[in-house]
Amino acid sequence: MAIENNNVVTLNYILHTIEENGEKTFVEQTTTENPLTFLYGVGMMLPKFEENIAGLNEGDKTSFDLAAADAYGERDDRAIAQLPADMFKETGLPPLGEVLPLQDNQGNQFRAVVVDVTPEAVVADLNHPMAGKTLSFEIEVLNVRPATQEELSHGHAHGIDGTQGH
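Residues numbered from 1 in each chain as written. Predicted model: local features only at pLDDT ≥ 70, side-chain atom pairs only at ≥ 80, totals over all residues. Heavy atoms only, no water.

**So, the pairing of strand β1 (residues 7-18)**
Most of β1 is tucked away: 10 of the 12 residues are buried. Sheet topology note: the β1/strand β9 (residues 134-146) ladder contains 12 bridges and is antiparallel. Counterpart to T10 in the pairing with β9 is N143. Inspection of the sheet shows β1 paired to strand β3 (residues 36-39) by 4 bridges, in the antiparallel sense. By the bridge assignment, V9 is partnered in β3 with F38. Note: β1 against strand β2 (residues 24-29), 5 bridges, orientation antiparallel. Directly across from T17, in β2, lies its bridge partner T25. A loop of 5 residues connects β1 with β2, the two strands running antiparallel in sequence, and G22 in this loop sits at a positive phi of about 90°. (Buried < 20%, exposed > 50% of the residue type's maximum accessible area, 1.4 Å probe, protein only. Helix = DSSP H or I, 4+ residues; strand = E, 2+ residues; numbered from the N terminus. Pairing = 2+ DSSP bridges.)

Purely geometric numbers; function is a separate question.
Dropping the structure here:
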């Protein structure tokens, strides 16, 4: 069965970033014991990622690169927040590099990386950690199946075989 909208796709991937000098830097990979399973075509994955795997079948392998604009966007040097140090009275000031869970006024959750700490403020970078990076994927499709009605109504996959609860 070929990958198309409303299919549950299970795949393994190896992800690298491609640095400006052309070198690849390993980021992460899945395993057969812990593959990536998702409902294709509902916006859970990067659109260009889905575009690159469309039509593949179980057992197919492919590799492709996504430019920053097609992945997590370019870095925005203005996406920096000055968080008052008072926010951290109970937990203490975070160290440089710590990832902070934040929420905007609309309730959207996101993460920011601490880039500076002063007695008055914690400076957090709001860019996605992969912003500005070219992503390089190696893919092996492990399984493709039609989504169940429950998966379609929930908008996400319920595991490789559709029986995983949540």
